[in-house]
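Descriptive structure summary
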Amino acid sequence: MLTAWTKAGAVVRKNARIAAKHRLPQVQAMHSYCVIEETQHTSIGGFRSLKALSPSPVDNAWLVHCCMSRLMFSVRGVSKHFEKRDGKPLSALQEIDLDIRAGEFLSIIGPSGCGKTTLLNLVAGFIKPTTGVVLKQGVEVRGPGPDRTMMFQDYALFPWLTVADNIAFGLGAQRLRREERYARVNHFISLVGLDGFDTAYPSQLSGGMRQRVSIARALAPDPDVVLMDEPFAALDSLTRDRLQEELLAIWSRARKTFLLITHNVEEAVFLSDRVIVMEARPGRIRSVIDVTIPRPRAPEIRVRDPLFLNLKHEVLDLLGNGTPTAESR
Ligand SMILES: Nc1ncnc2c1ncn2[C@@H]1O[C@H](COP(=O)(O)OP(=O)(O)OP(=O)(O)O)[C@@H](O)[C@H]1O
Ligand SMILES: [Mg+2]
């Protein structure tokens, strides 16, 4: 984070120098500098899209930051209001600022009703913010896309399709040859340890196996980002522990950006690079915890590692000062 901001700061200073040299207004100079930089690094389109959103030189500094650092998402000043049944407004999220780095495993934890699912839906593009903006790699999120897949608590598998067909369903929009599609499906069946179950129907599988199909389906389209809303909540604790370990192994291999909502503190700390702790009414970020435990992480750290236990208690303390979580009730 520090590096990213330092970079952005350097860009701003460089822009000021360019502005002075060419007697240009600073915003314009900043734009030209960025276009030059962007041709070397990422997309010019991304910056132009940001630029359209940027009314002032101050905002430009942030836009430069978004373009120059390896940010997958940038959530800025996002509030979301819903209308209650009596017509009164309900503030689900208020003034959320959050940067999500590419390849990061980020967990969001917080009391029931604090807006976790709302935040995930905003990032997925299912809903739009009332105020503020969500950017993906510098481009405003305006709707869902195959670059972001979602995993739900209730597996959301089609009961009339086999395991292979459920996984292949996620590939629907992609123009793949039959053999390529078949190979991709088989690869993901093996990855989640379901070899031999390709022709089984969801009703013939255990809860843990269904959730593995769900993981495979989320990964098969090769998304940049996997969004998970309490994917393991319905599982018994042994299956849950196993699946956490498998998810971690899959994430280390795939190096996608994973965004997980959970009520389980241990799960959040075990899996994540950072844990976002939220509070309710209105939904806000209370704290961001950096999980500095080295990787790879062995399953035993959950009971033995002093750093793990400290971080777990830190998150629990933060939650304990707010409304109780669904888990603790
Ligand atoms: N479509 C909607 N219409 C009206 N209100 C909504 C809608 N979606 C969410 N809300 C409200 O917004 C608030 C946040 O809901 P959200 O589902 O994001 O919470 P959450 O943190 O995911 O909770 P949980 O842990 O129980 O899943 C709640 O008060 C909820 O009633
Ligand atoms: Mg929710």
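Residues numbered from 1 in each chain as written. Chains lettered and ligands numbered in written order. Predicted model: local features only at pLDDT ≥ 70, side-chain atom pairs only at ≥ 80, totals over all residues.

**Overview of the sheet that holds strand 1 (residues 71-83)**
Operational definition: Any two strands with at least two DSSP bridges between them are considered paired. Secondary structure elements are defined from DSSP: runs of H or I of at least 4 residues count as helices, runs of E of at least 2 residues count as strands, and each element is numbered from the N terminus.
Read from one edge to the other, the open sheet built from 4 strands follows the order 2-1-4-5, with strand pairing classed as antiparallel. Edge positions in the open sheet fall to strand 2 (89-101) and strand 5 (139-140), since each of these has one partner strand only. Across 5 bridges, the pairing between strand 1 and strand 4 (residues 131-136) is antiparallel. By the bridge assignment for strand 4, Arg-76 is matched with Val-133.

**Things to note about helix 9 (residues 237-254)**
Every α-helix carries 3.6 residues per turn, so stepping three or four residues along brings you back to the same face. Rules: Multiply 1.5 Å by the residue count of a helix minus one, and that product is the helix's expected span. Neighbour counting defines burial: a residue surrounded by 20 or more other C-beta atoms within 10 Å of its own C-beta is buried, one with 12 or fewer is exposed, and intermediate counts give partly exposed, using backbone-placed C-beta atoms. It is the directions from the helix axis to the C-beta atoms that the arc portrays. Two residues qualify as being in contact provided that their C-beta atoms, derived from the backbone, are within 7 Å of each other.
In this model helix 9 runs 25 Å from its N-terminal to its C-terminal C-alpha over 18 residues, within 8% of the 26 Å that 1.5 Å per residue would give. Among the residues of helix 9, Arg-240, Leu-243, Gln-244, Leu-247, Ile-250 and Trp-251 are the ones counted as buried. Projected down its long axis, helix 9 shows its buried positions confined to an angular sector of 130 degrees, all on one face. Projecting away from the buried face of helix 9 at angles above 90 degrees are the exposed residues Leu-238, Ala-249, Ser-252 and Arg-253. Looking at the buried residues of helix 9, the elements they touch are strand 3 (105-109), helix 7 (178-191), helix 8 (207-219), strand 8 (257-261) and helix 10 (265-271). Arg-255 sits one or two residues past helix 9 and shows a positive phi near 50 degrees.

**Brief notes about the packing of helix 8 against helix 9**
Just so we agree on the cut-off: What counts as an axis is a line fitted to C-alpha atoms, over the stretch in contact for a helix, and the angles between N-to-C directions run from 0 to 180 degrees. By the definition adopted for this analysis, an angle is roughly parallel if under 35 degrees, roughly antiparallel if over 145, roughly perpendicular if from 65 to 115, and oblique otherwise. By definition, any crossing whose near helix is turned counterclockwise from its far helix by less than a right angle is left-handed, and any crossing with a clockwise turn is right-handed. Any residue that is not Ala, Val, Leu, Ile, Met, Phe, Trp, Tyr, Cys, Pro, Asp, Glu, Lys or Arg is counted as polar, Gly included; the first ten are nonpolar and the last four charged.
Where helix 8 contacts helix 9, the two axes come as close as 11 Å, and the packing angle between them is 15 degrees. Between helix 8 and helix 9, the crossing angle belongs to the class labelled roughly parallel. Crossing hand, helix 8 versus helix 9: right-handed. Packed against helix 8, whose contacting residues are Gly-207, Gly-208, Gln-211, Ile-215 and Leu-219, the element helix 9 presents Thr-239, Arg-242, Leu-243, Leu-247, Ile-250 and Ala-254 at the interface. Grouping the constituent residues of the contact of helix 8 with helix 9 by class yields 6 nonpolar, 4 polar and 1 charged.

**Quick notes on the nonpolar core**
For clarity, the cut-off: Put simply, a nonpolar core is buried Ala, Val, Leu, Ile, Met, Phe, Trp, Tyr and Cys residues tied into one set by C-beta atoms within 7 Å.
Ranked by internal contacts, the top residues of the largest apolar core, which has 67 residues, are Val-123, Ile-167, Ile-189, Ala-216, Leu-227, Leu-259 and Val-315. At 6 residues, the largest contribution of residues to this core is made by helix 8.

**Overview of the site of ligand 1**
What counts is decided by this rule: Nearness here has a simple definition: the residue's C-beta atom, placed using the backbone, must lie within 6 Å of the molecule or strand.
In the neighbourhood of ligand 1, 12 residues make up the surrounding shell, with Phe-82, Ala-92, Ser-112, Thr-117 and Thr-118 lying closest. Of all the secondary structure elements, the ones that give two or more residues to the shell around ligand 1 are strand 2 and helix 5 (116-124). Among the elements that take part in the shell around ligand 1, helix 5 stands out by supplying 3 residues, more than any other. Taken together, the residues of the shell around ligand 1 sort by class into 5 nonpolar, 6 polar and 1 charged.

**Here we look at the environment of Val-192**
Structurally, the position occupied by Val-192 is in the loop between helix 7 and helix 8. Under the C-beta neighbour-count criterion, Val-192 is labelled buried, with 23 such atoms within 10 Å.

**Some details on the sheet that holds strand 3**
Strand order in the open sheet formed by 6 strands is 6-7-8-3-9-10, with mixed pairing between adjacent strands. Across the chains shown, the open sheet's two edge strands, defined by having one partner strand only, are strand 6 (148-151) and strand 10 (284-290). Averaged over neighbouring strand pairs, the angle between their axes works out to 20 degrees when direction is ignored. Inspection of the sheet shows strand 3 paired to strand 9 (residues 274-279) by 4 bridges, in the parallel sense. From the neighbouring strand, Ile-108 faces strand 9, where its bridge partner is Ile-276.

**Quick word on the pairing of strand 6**
Residues Arg-148 and Met-150 of strand 6 are buried on one face, and the alternating residues Thr-149 and Met-151, pointing to the opposite face, are buried as well. In terms of strand pairing, strand 6 meets strand 7 (residues 225-229) through 4 bridges, oriented parallel. Along strand 7, the bridge assignment pairs Met-150 with Leu-227.

**Re unusual backbone geometry**
Pro-282 follows Arg-281 through a cis peptide bond whose omega is -10 degrees. For Pro-282, the location among the structural elements is in the loop between strand 9 and strand 10. The linkage connecting Arg-295 with the following residue, Pro-296, adopts the cis geometry, with an omega of 0 degrees. You can see Pro-296 is positioned in the loop between strand 10 and helix 11 (301-304).

**Things to note about helix 8**
For helix 8, spanning 13 residues, the distance from its first C-alpha to its last is 19 Å, which sits close to the expected 18 Å at 1.5 Å a residue. Here helix 8 lies mainly inside the structure; 11 of its 13 residues are buried. Considered for burial, the residues of helix 8 that qualify are Met-209, Arg-210, Gln-211, Arg-212, Val-213, Ser-214, Ile-215, Ala-216, Arg-217, Ala-218 and Leu-219. Buried residues along helix 8 sit against strand 6, helix 6 (163-169), helix 7, strand 7 and helix 9.

**Observations regarding the pairing of strand 2**
Sheet topology places strand 1 next to strand 2; 9 bridges connect them, and they run antiparallel. The partner of Val-75 across the bridge, within strand 2, is Leu-98.

Spatial relationships are all this shows, so hold off on functional conclusions.
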